[in-house]
Amino acid sequence: MIIHHAHKVVTDDVFLMLDGFLPDSEVFLKLEGLNPAGSIKLKAAVGMVEDAERHGRLGPGSRLIESSSGSLGIALAIVAAGRGYSFTCVTDPNVSPQSLAAIKALGAHVVQVEKRDANGGYLGTRIAYIRERLAEDSGLVWLNQYANPANPSTHARTTASSVLRNIGRVDQLFVGAGTTGTLMGCVSHFRAHSPHTKITAVDAVGSVTFGGRPQPRRIPGLGTSRTPELCVPESVDEVIHVAEPDAVRMCRRIARERGLLTGGSTGSVLAALAQAAPFIPSGSRVVALSPDMGERYLQTIYHDDWVHETFGRHVLEPLDLDHLTVPA
């Protein structure tokens, strides 16, 4: 296989079977981090950029600006470098040091906001900064991953289609919710082609996406401090909120028991699956999406000192799947 641009290297057909994760059902973990950007966000970045090019919003010398907690920033930096665009990534203190270094290494300019928004997060502040820049500079192009229909349509065409093509019958699908682009793309495709599939959205405790009570969060990826325009809450069958300590402990358990380093979003998705296990019928075929891998979290999720200081020493103890934190 010979590829002419790094952002064209997208692996969309790799699934890890988690034998024994559920006692009487099959669990397939769709690995989305096996590409140059290291996350599912590469598909969204390519989809949104190509859509903007088709509609004449982007051309030679264009300058992009986007809000990201890390993964989309890396993906857009790769796409921008390959297509000759400049890119400014607006991020916040929760971005991992590795993600920040990767974005800069790829030639993007980074702006890091410091002030929390009204709901205790940073998303509102990041977007407010972008709006200020757009008002000052009409030449900037904001793809706006939170409202851009090319985001979910890309995942309907790729991610969701790949699940059904490779797995066939899917009884339950677990998808993490950040911008909700992946989630809404899966909803669109599955409702049309596999309407019996139960779709569970996985959100972080402290996120307001599905009406949760706002509170500060420390792990980038899932959750928002404002509901994304793309999100249609009533379109999913169930929402499970996962506490960040449970996501951390799941990541560390999967690393030690399965030999797989996953990101915080994957830990949340698998913790949600463990919460739902008592209610999943025997013989089910379950797919969970793993948005990224864990190398970017070696100084946070997988670092004992950071975990201890952030969440307490008890989070370093092995995860007991029978005693997950179930939010009220």
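Here, every reference points to the structure presented above.
Residues numbered from 1 in each chain as written. Predicted model: local features only at pLDDT ≥ 70, side-chain atom pairs only at ≥ 80, totals over all residues. Heavy atoms only, no water.

Undergrad: Looking at this structure, how should I read unusual backbone geometry?
TA: Glycine aside, the phi torsion of most residues is negative, and most peptide linkages are trans. With a phi close to 55°, Asn144 is a non-glycine residue in the positive phi region. The topology assignment puts Asn144 in the loop between β6 (140-142) and α5 (150-167). Using a relative accessible area of 14% as the deciding quantity, one classes Asn144 as buried. Here the phi dihedral of Thr180 falls at roughly 75°; this positive angle occurs in a residue that is not glycine. In this structure, Thr180 sits in the loop between β7 (172-176) and α6 (181-193). Take Thr180: its relative accessible area is 1%, and that puts it in the buried class. (Helix = DSSP H or I, 4+ residues; strand = E, 2+ residues; numbered from the N terminus. Buried < 20%, exposed > 50% of the residue type's maximum accessible area, 1.4 Å probe, protein only.)

Undergrad: What's the story with empty space enclosed by the protein in this structure? I'm lost.
TA: To find leftover empty space, a probe the size of one water molecule is rolled over the atoms. As enumerated under the stated definition, the model contains two cavities of 30 Å³ or more in all. Of the voids in this model, the largest cavity is the one considered here, and its volume is about 640 Å³. Along the wall of the largest cavity there are 46 residues; nearest its centre are Ser69, Gly178, Pro220, Gly221 and Leu222. Mapped by element, the contributors of at least two residues to the lining of the largest cavity are α1 (41-54), α2 (71-83), α4 (123-136), α5, β7 and α6. In terms of residue count, α6 provides more of the lining of the largest cavity than any other element does, three residues in total. Its residues assigned to classes, the lining of the largest cavity comprises 16 nonpolar, 24 polar and six charged. The space that makes up the second largest cavity amounts to roughly 80 Å³. Along the walls of the second largest cavity sit Ala204, Ile219, Pro220, Gly221, Leu222, Val242, Ala243, Glu244, Ala247, Gly264, Ser265 and Ser268, which together make up its complete lining. (1 Å grid on protein atoms, 1.4 Å probe; cavity = no way out; pocket = protein on both sides within 12 Å on 5 of 7 lines; lining within 4 Å. Points joined across faces, edges and corners; volume = space filled by probe spheres on them. Nonpolar A, V, L, I, M, F, W, Y, C, P; charged D, E, K, R; others polar.)

Undergrad: Can you walk me through helix α7 (residues 244-258) in this structure?
TA: A turn of α-helix holds 3.6 residues, and therefore any two residues three or four places apart point the same way. For α7, built from 15 residues, the straight-helix expectation of 21 Å at 1.5 Å per residue is met to within 8% by its first-to-last C-alpha distance of 21 Å. Listed as buried for α7 are Glu244, Asp246, Ala247, Val248, Arg249, Met250, Cys251, Arg252 and Ile254. Buried-residue contacts for α7 involve β9 (238-242), α8 (264-276) and α9 (304-311). Of the residues trailing α7, Gly259 is marked for its positive phi of about 70°. (Expected span 1.5 Å × (residues − 1). Contact = heavy atoms within 4.5 Å.)

Undergrad: What is the right way to look at the packing of aromatic side chains in this model?
TA: The description of two aromatic rings rests on the distance between their centres and on the angle between their planes. All chains considered together, the criterion is met by one aromatic pair. The interplanar angle of 80° and the centroid separation of 5.7 Å between the aromatic rings of Trp306 and Phe311 together place this pair among those described as edge-to-face. As far as the burial class goes, Trp306 and Phe311 line up, both buried. (Phe/Tyr/Trp six-rings, centres within 6.5 Å; stacked < 30°, edge-to-face > 60°.)

Undergrad: Would you mind going over the sheet that holds β9 with me for this structure?
TA: Note: strands within a sheet are paired through backbone hydrogen bonds, in either parallel or antiparallel orientation. Taken together, the six strands give an open sheet; going across it, the order is β1-β2-β10-β7-β8-β9, and neighbouring strands pair in mixed fashion. Both edges of this open sheet fall to β1 (15-17) and β9, since each of them pairs with a single strand only. The average angle at which neighbouring strand axes cross in this sheet is 25°, direction not considered. Both β7 and strand β10 (residues 285-290) contribute to a ladder of three bridges, which runs parallel. Pairing of Leu173 across the sheet is with Val287, part of β10. Lying on the sheet, α8 is in contact with β2 (26-31), β7, β8 (198-204), β9 and β10; it crosses β9 at an angle near 115°. (Pairing = 2+ DSSP bridges. Axes fitted to C-alpha atoms, helices over the stretch in contact; angles between N-to-C directions.)

Undergrad: Hey, could you run me through the packing of α1 against α5 in this one?
TA: As a packed pair, α1 and α5 sit with axes 8 Å apart at the nearest point and diverge in direction by 120°. Overall, the two elements α1 and α5 adopt an arrangement that is oblique. In this structure, α1 meets α5 at a crossing whose hand is right-handed. Taking contact as the criterion, the partners of Lys43, Ala44, Gly47, Met48 and Asp51 in α1 are, on α5, Ala150, Asn151, Thr154, His155, Thr158 and Thr159. A per-class count over the contact of α1 with α5 returns three nonpolar, six polar and two charged. (Parallel < 35°, antiparallel > 145°, perpendicular 65-115°, else oblique. Left-handed = near helix turned anticlockwise from the far one by under 90°.)

Undergrad: I'm lost on the sheet that holds strand β3 (residues 63-67) in this one. Help?
TA: Strand order in the open sheet made by the four strands is β5-β4-β3-β6, with parallel pairing throughout. Unpaired on one side and paired on the other, β5 (109-112) and β6 mark the two borders of the sheet. Strand-to-strand, the axes of this sheet are offset by a mean angle of 25°, without reference to chain direction. In the sheet, β3 pairs with β6 via three bridges, with the strands oriented parallel. Residue Arg63 lies in a different strand from β6, and its bridge partner there is Leu140. Along the sheet, α2 contacts β3 and β4 (86-91); its crossing angle with β4, the most-contacted strand, is approximately 175°. Relative to the sheet, helix α3 (residues 97-105) contacts β4 and β5, its axis offset from that of β5 by approximately 145°.

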